[in-house]
Each structure stands twice: as structure tokens, then as C-alpha cells.
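# Remarks on the overall topology
Chain residues, written in single-letter form:
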Amino acid sequence: MRTHLGEFEQLLLMALAQLGPDVSGVDVRELIEARTGRAISPGAIYTAMQRLELRGFVSSTFGDPTPQRGGKRKKLYRIRAQGSRALAGMQAALAEMGRGLKARASTR
């Protein structure tokens, strides 16, 4: 199974790790937009979450129906251990690639 994570997938997993278990796509989107200034469509969140779920990095459940949603249930997400490991691996790889970058950039 592919363990590489794209930039957007990393942002989603970071948001899930920070927000804790059972958070909605809206919560994830709001955190990413607040921290990055990047506008994200709801469809992009749900499509990427579905991919991450198929890869075993994320799991989802449905919350209770609420009157605010007309009796509909929210889909809630949480990062799985495999997703945490993949995220840690990508962060380690980025840190390794960035090691020594400042020293080299300042000599040019």
C-alpha cells in the first residue's frame, strides 16, 4: 500500500491529529483555512478523506442526527495509528531533506 502523502493529505492528517477524535469535515476545513489562509472546498475535504479512509489512515463514523441539520447525521473522522505513522514518516523525510538547507542557501 502506498504510504506517500501529498501536501493536502498531510494537512488533513495534521488537522485530525490536532483536533482529536470524531471531528467533522467542517472542523477540519476551518482549522486548515485558519492556519494556512488557504480556501478549501468541502468537496475536496470529503474526497481526500475518502481516499485516506480507503488507505487505512482515517476512519469515520456518523454522529447523532441534529435538528440544525434537519435530522441528518454528520460524518465524523479520526486519524488511525497507520495515518499517524505515515504522517510522522513524511515529517521526518521533510526534516531530513531540509537539514542543512539554510547553510547552503546563504552561501549563494
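For clarity, every value in this text was computed on a predicted model and none was experimentally measured. (Residues numbered from 1 in each chain as written. Predicted model: local features only at pLDDT ≥ 70, side-chain atom pairs only at ≥ 80, totals over all residues. Heavy atoms only, no water.)

## Details of the nonpolar core
What counts is decided by this rule: Each nonpolar core is a collection of buried residues, namely Ala, Val, Leu, Ile, Met, Phe, Trp, Tyr and Cys, held together in the definition by side-chain atoms within 4.5 Å. Exposed residues in this analysis have more than 50% of their type's maximum accessible area, buried residues have under 20%, and partly exposed residues fall in between, with area computed by a 1.4 Å probe over protein chains only. Only DSSP runs of H or I covering at least 4 residues are called helices, and only runs of E covering at least 2 are called strands; the numbering of each starts at the N terminus. In this description, contact between two residues means that some pair of their heavy atoms is separated by no more than 4.5 Å.
Core analysis: the largest hydrophobic core is formed by 23 residues, its most contacted members being Leu5, Leu12, Leu13, Leu16, Val28, Met49 and Val58. Every element with two or more residues in this core is listed here: helix 1 (7-19), helix 2 (25-36), helix 3 (42-54), strand 3 (73-79) and helix 4 (81-98). Counting residues per element, this core draws most heavily on helix 1, which supplies six residues. In contact with Met49, other than residues within four places in its own chain, are Leu12, Leu16, Val28, Val58 and Tyr77.

## Description of the packing of aromatic side chains
Using the following cut-off: In this analysis, rings of Phe, Tyr and Trp, with Trp reduced to its six-membered ring, are considered paired at centre separations within 6.5 Å, and the interplanar angle assigns stacked below 30 degrees, edge-to-face beyond 60, and tilted for intermediate values.
Applying the stated rule across the entire model yields one aromatic pair. Here the aromatic rings of Tyr46 and Tyr77 are separated by 6.5 Å at their centres, their planes lie at 35°, and the arrangement is tilted. With a gap of 31 residues between them, Tyr46 in helix 3 and Tyr77 in strand 3 connect regions that are remote in the sequence. When its relative accessible area of 35% is taken as the criterion, Tyr46 is described as partly exposed. For Tyr77, a relative accessible area of 3% gives the class buried.

## Some points on unusual backbone geometry
The backbone of Asp22 shows a phi angle near 60°, a positive value even though the residue is not glycine. Within the secondary structure, Asp22 is located in the loop between helix 1 and strand 1 (23-24). Among the residues examined, Asp22 registers a relative accessible area of 36% and is labelled partly exposed.

## Overview of helix 2
Cut-off, in case you're wondering: In this scheme, a helix's expected span is set at 1.5 Å multiplied by one less than its residue total. The arc in question is traced by the directions running from the helix axis to the C-beta atoms.
Here helix 2 spans 16 Å end to end across 12 residues, near enough to the 16 Å set by a 1.5 Å rise per residue. Restricting attention to buried positions, one finds in helix 2 the residues Gly25, Val28, Leu31 and Ile32. Along helix 2, the residues classed as buried sweep out an arc of 130° about the axis, all on the same side. Buried residues in helix 2 make contact with helix 1, strand 1, helix 3 and strand 3. After helix 2 finishes, the residue Gly37 shows a positive phi value of roughly 75°.

## With respect to helix 4
Taking 1.5 Å of rise per residue, the 18 residues of helix 4 would be expected to cover 26 Å, and the 26 Å separating its terminal C-alpha atoms lies within 8% of that figure. What helix 4 keeps buried is the set Gly83, Ala86, Leu87 and Met90. Burial along helix 4 is one-sided: seen end-on, the buried residues are contained in an arc of 100°. Each element contacted by the buried residues of helix 4 is listed here: helix 1 and strand 3. Count one or two residues on from helix 4 and you reach Gly100, which has phi positive near 85°.

## With respect to the pattern of salt bridges
Going by this rule: By salt bridge we mean one thing: a side-chain nitrogen of Lys or Arg within 4 Å of a carboxyl oxygen of Asp or Glu.
One pass over the structure, following the stated rule, counts six salt bridges. One salt-bridge network, held together by shared partners, links Glu9, Arg51 and Arg55.

## Side note on the sheet that holds strand 1
Counted only if it meets this: Following DSSP output, two strands are said to pair if at least two bridges run between them.
Within the open sheet, the three strands sit side by side as 1-3-2. Their pairing is antiparallel. Pairing within the sheet leaves two strands with one partner each, and these edge strands are strand 1 and strand 2 (58-65). As judged from the two bridges shared by strand 1 and strand 3, these two strands associate in the antiparallel manner. Looking at strand 3, one finds that Val23 is bridged to Tyr77.

By themselves, these figures tell us nothing about what the structure is for.
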